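# Report on the structure
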Amino acid sequence: MIKRLLAVAAVVLSATLCFAEGSEDNTPKRKAITGYSGGMMIHSGWISGSQKVGTGTYKADGMVYGIGGAIRFHVGNHFRFGTEGYTSNLPQKNRPMASPGSYLKASWGGLLVDGCYPIGRFYPYAGVTVLAGGHRTLLYEGEDKGLYQGTAYLNKGVFVGFDPFIGCDFAVTKALRLTLKVDCLQGWGVGKTAGTRLPIGPRVFFGFMFCH
């Protein structure tokens, strides 16, 4: 599903870019798209939340880590839109219902918009991504006599949500920027996992962007 969403987003953005640059006449016009940027980021942070486990509830929390990337098209000096996608992992271990090897995982993609205000070589920004993706919870039996001793619990499905973020780019060169951002993903299960809410909390992203 993530690949389909990103493919649709890429088609929409490509069509927009072609339309913006495809008008030709003898009258000089400002281009709607003034540039673009894209790159990769790794992330880590602390998230927590409750997950339904049979007739009980499991409290998940801990350090999360992952990787992904984004591409943005620039409109003027202050507005950008594009798409991004990430995968994020939350290991769980040494708990009554989560032996080593247990984890929560989420992968998502979506369309983003943000505003940017250049200050010298710094480019602070803030925005939001509207997204959809897949989530997976796998819990092995705990070492203690827990609810699911001798079994494993698997819950996977689709979720939708939004992701507000703030960050700042630093221009190393005209074409290369380092980027640092903080987000707080909000996601809710749909379909067979309706009622499930993804663990939430701040995550810090660091990476690079190539600009044109």
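The numbers attached to residues start from 1 for each chain and follow its sequence in the written order. Only residues with pLDDT of 70 or above have their local features reported here, since the model is predicted, and side-chain atom pairs are shown and tallied only from 80 upward, although totals for entire chains, interfaces and linings are computed over all residues. Only hydrogens and water are removed before side-chain values are computed, so all heavy atoms of the structure are retained for them.

## Thoughts on the confidence of the model for the protein chain
Taken over all residues, the pLDDT of the protein chain has a mean of 84, while the share at 70 or more is 82%. Here pLDDT means the predictor's own confidence in every residue, given as a number from 0 to 100. Helix and strand labels come from DSSP, where a helix needs a run of H or I of at least four residues and a strand needs a run of E of at least two; each type is numbered from the N terminus. When the elements of the protein chain are averaged for pLDDT, helix H1 (residues 2-22) gives the smallest value, 44, and strand S7 (residues 176-183) the largest, 98. Under a pLDDT of 50 for its full length, residues 1-24 has, in the predicted model, 25 contacts with residues more than four places off or in other chains. Contacts between residues were defined by any pair of non-hydrogen atoms, one from each residue, lying within 4.5 Å.

## Things to note about a positive patch on the surface
Where like charges cluster on the molecular surface, the positive patch consists of Lys105, Arg136, Lys156 and Lys192. With respect to the helices and strands, the residue Arg136 is situated in strand S5 (residues 122-140). Residue burial is assigned from relative accessible area. The probe radius is 1.4 Å, only protein chains are included, and a residue is buried under 20% of its type maximum, exposed over 50%, and partly exposed in between. Here Arg136 falls in the partly exposed class, since its relative accessible area comes to 30%. Put simply, a patch holds well-exposed residues, over 30% relative accessible area, that have no salt bridge, with like charges counted together within 9 Å and Val, Leu, Ile, Met, Phe, Trp or Tyr side chains within 5 Å. Per-residue accessibility takes into account occlusion by the displayed protein chains alone, with areas from the Shrake-Rupley method and a 1.4 Å probe. Salt bridge, as used here, is a side-chain nitrogen of Lys or Arg placed within 4 Å of a carboxyl oxygen of Asp or Glu. For the purpose of counting charges, residues Lys and Arg are taken to be positive, whereas Asp and Glu are taken to be negative. His and the chain ends are not included. Charge placement uses NZ in Lys and CZ in Arg. For Asp and Glu, CG and CD serve respectively.

## Regarding empty space enclosed by the protein
Site definitions follow a grid-based scheme: protein atoms alone, a 1 Å grid, a 1.4 Å probe that fits but cannot get out for cavities, and for pockets an open set with protein on both sides within 12 Å along at least five of seven lines, plus lining residues having an atom within 4 Å of a point. Grid points are joined across faces, edges and corners, and a volume is the space filled by probe spheres set on the points. Using the criterion set out here, one finds 1 cavity of 30 Å³ or more in the structure. Lining the largest cavity are 19 residues, with Ile47, Lys105, Ala106, Leu198 and Pro199 sitting closest to its centre. Elements with a minimum of two residues in the lining of the largest cavity: strand S1 (35-53), strand S3 (79-92), strand S4 (102-116) and S5. Of the residues forming the lining of the largest cavity, the biggest block, 4 residues, is contributed by S4. Gly falls in the polar group here, along with every residue not listed as nonpolar (Ala, Val, Leu, Ile, Met, Phe, Trp, Tyr, Cys, Pro) or charged (Asp, Glu, Lys, Arg). Here the lining of the largest cavity is composed, by residue class, of 10 nonpolar, 6 polar and 3 charged.

## Regarding the side chain of Thr83
Looking at the element boundaries, Thr83 is found in strand S3. By relative accessible area, which is 9% here, Thr83 ends up buried. Within 3.5 Å is the distance limit for a polar contact, defined as a pair of N or O atoms, with the added protein rule that one can donate a hydrogen and the other accept it, and that residues adjacent in sequence qualify only through two side-chain atoms. Within the local environment of Thr83, its side chain forms a polar contact with the backbone oxygen of Gly110, the two atoms lying 2.9 Å apart.

## Comments concerning a nonpolar patch on the surface
A grouping of Met40, Ile42, Ile67, Ile166, Val172, Leu178, Leu180, Val182, Val204, Phe206, Phe208 and Phe210 is seen on the molecular surface, where their side chains present a nonpolar patch of about 1,000 Å² in accessible area. Broken down by secondary-structure element, the contributors of at least two residues to the nonpolar patch are S1, S7 and strand S9 (203-211). With 4 residues, S9 is the largest single contributor of residues to the nonpolar patch. Position of Phe206 among the secondary structure elements: in strand S9.

## Here's the deal with the nonpolar core
Nonpolar cores are built from buried Ala, Val, Leu, Ile, Met, Phe, Trp, Tyr and Cys residues. Side-chain atoms within 4.5 Å join them into one set. Met41, Ala70, Tyr86, Ala106, Trp108, Leu112, Leu131, Phe159, Leu185, Leu198, Phe205 and Met209 form the largest nonpolar core, which has 12 residues in total. No other element matches S4, which puts 3 residues into this core. Ignoring sequence-local partners within four residues, the contact set of Leu131 consists of Trp108, Gly109, Gly110, Phe159, Val160, Gly161, Phe162, Asp163 and Leu185.

## What to know about the side chain of Arg177
Along the chain, Arg177 falls in strand S7. Accessibility expressed as a relative area gives 10% for Arg177, which makes it buried.

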